[in-house]
Amino acid sequence: MGSGETSFREKLASFRQRGLERFRITFEGRTPRHLSQEGRLYVSFASNDYLGLSCHPRVREKSCEAVEKFGAGAGASPLVCGQLGLHTQLEEEIARWKGTEAACLFSSGYAAALGTIRALVGPGDLVVLDEFSHASLWDGARLSRALVRVFSHSDLDALQRVLTRYSKKNRRILVVAESVYSMDGDVAPLQDLVELKDRYGAWLLLDEAHATGIYGKAGAGLGSELGVASRIEFHLGTLGKVLGSMGAYVAASREVIQWLLHSARSLMYSTALSPAMVAAALEALKILHSEEGARRRNQLWDNIRFINPDGSSAILPIVVGAESKAMEMASRLQEEGFYVPAIRYPTVPRGKARLRISVTSEHKPADMAGLLAILRHMGICP
Ligand SMILES: *Cc1c(COP(=O)(O)O)cnc(C)c1O
């Protein structure tokens, strides 16, 4: 143990030296638009609460009502006794919204990716991931013990080369992609991706974490926006971003969802989502379907274009390169009253550190103009 401690200390020192030290800042309060710390208020361009629904009065109210009615926790795994009427209702609403036969809930997007990929493929199968895929998707692929291959980011020729090479080997192939990439904010060439995987008889698992609530009918995602949703085998989305709550879902055929109940270990062996979180997500989903949802979505798009006229998602990265430079710039912005996270290795490749601006419908023109003015002063034109 003694030497183990030393090596942790050394490893930590090495992280520090390379500007890769990680820490959590404790905030005293938050809204979709602001963060407060040590008595100071910052305009936040850091959260994934893109439509501000985590603080919507009706979302809060429904969440509180659920606690009053059912208590704080669900008490057990959904397969034991943690599945309440609220959970089943949310699953049914999600399936209707995504246009699938069924859906099931997970305690987080990370858990959903881990449990689902492992349940769908195994030794002898192939998983092909976009190189920029979220860590949870990589971990799910590794855990499945299927053969893992990667294609260059959104490069469909590269994907085709992998599919050509492996498709005759009589294995199941699962292609994994995101609709909006979380650290680059770019949108996948989904239409062509769907054509391609269909040509090779491969399955597609699409992670819509950063697209849910923003694109498509009632914010059902990029698959809905482009009219290809029905050709996507497995839809993954989170409740912790636009839906303002926490947890995640997978939407698919009834048979696949049944199979997940028998094989997705992160669902089977984990406590069901708390009633408060489920009730919040249900209300947020209702808002997405309403006129108010459309209004918030339009406001978000106005704000995205305010920051960047060519913006195609709510995420705007400013790649600065060196890790230390990204950290310096983030603290400079913080001095000026803006909280923008610096994203570093291993979340992004070494030497590709960046500031990651995420916009919400709740930001005011003055917030965005203020940020842009300081960025310009720092020599950056996003
Ligand atoms: C946020 C995110 C996840 C993880 O979701 P959590 O609910 O926060 O665990 C998974 N995939 C992508 C692409 C994400 O952006």
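Residues numbered from 1 in each chain as written. Predicted model: local features only at pLDDT ≥ 70, side-chain atom pairs only at ≥ 80, totals over all residues. Heavy atoms only, no water.

Caption draft 1: Local environment of the sheet that holds strand β10 (residues 248-252). Spatial strand order, β4-β10-β9-β8-β7-β5-β6: seven strands in an open sheet with mixed pairing. Every other strand in the sheet has two partners, leaving β4 (102-106) and β6 (147-151) as the edge strands with one partner each. This sheet shows a mean twist of 20° between the axes of neighbouring strands, independent of strand direction. Contacts between helix α3 (residues 85-98) and the sheet are confined to β4, β9 (234-238) and β10, with β4 contributing the most and set at about 125° to the helix. (Pairing = 2+ DSSP bridges. Helix = DSSP H or I, 4+ residues; strand = E, 2+ residues; numbered from the N terminus. Axes fitted to C-alpha atoms, helices over the stretch in contact; angles between N-to-C directions. Contact = heavy atoms within 4.5 Å.)

Caption draft 2: A look at the packing of helix α2 (residues 57-70) against helix α11 (residues 275-288). At their nearest, the axes of α2 and α11 sit 8 Å apart, and the two run at 145° to each other. As for the relative orientation of α2 and α11, their crossing is right-handed in sense. On α11, the residues that touch R58, V59, K62, S63, A66, V67 and F70 of α2 are P275, A276, A279, A280, E283, A284 and I287. Class assignment for the residues of the contact of α2 with α11 results in 10 nonpolar, one polar and three charged. (Left-handed = near helix turned anticlockwise from the far one by under 90°. Nonpolar A, V, L, I, M, F, W, Y, C, P; charged D, E, K, R; others polar.)

Caption draft 3: Focus on the packing of aromatic side chains. The final tally for this structure, using the stated rule, is five aromatic pairs. Between F27 and Y339, the ring centres sit 5.3 Å apart and the planes meet at 80°, which makes this aromatic pair edge-to-face. Taken as a pair, F27 in the loop between α1 (2-17) and β1 (29-30) and Y339 in strand β12 (residues 338-339) lie far apart in primary sequence, 312 residues in all. By relative accessible area, which is 26% here, F27 ends up partly exposed. (Phe/Tyr/Trp six-rings, centres within 6.5 Å; stacked < 30°, edge-to-face > 60°. Buried < 20%, exposed > 50% of the residue type's maximum accessible area, 1.4 Å probe, protein only.)

Caption draft 4: Focus on the UniProt feature "domain: Aminotransferase class I/classII large" (unreviewed entry) in the chain. Feature annotation in UniProt places "domain: Aminotransferase class I/classII large" (unreviewed entry) on residues 43-372, given in this structure's numbering. The span residues 43-372 shows a helical share of 43% and a strand share of 17%, and its end C-alpha atoms are spaced 13 Å apart. (UniProt positions renumbered as here; feature names shortened; annotations may be inferred.)

Caption draft 5: Broad picture of the layout of surface pockets. Its boundaries defined by the atoms lining it, the largest pocket holds a volume of some 1,100 Å³. In this structure, the largest pocket is lined by 31 residues; those nearest its centre are A46, Y339, P341, A342 and I343. Only α13 (323-335) and β13 (342-343) provide two or more residues apiece to the lining of the largest pocket. In terms of residue count, α13 provides more of the lining of the largest pocket than any other element does, four residues in total. Considered class by class, the residues forming the lining of the largest pocket number 13 nonpolar, 11 polar and seven charged. (1 Å grid on protein atoms, 1.4 Å probe; cavity = no way out; pocket = protein on both sides within 12 Å on 5 of 7 lines; lining within 4 Å. Points joined across faces, edges and corners; volume = space filled by probe spheres on them.)

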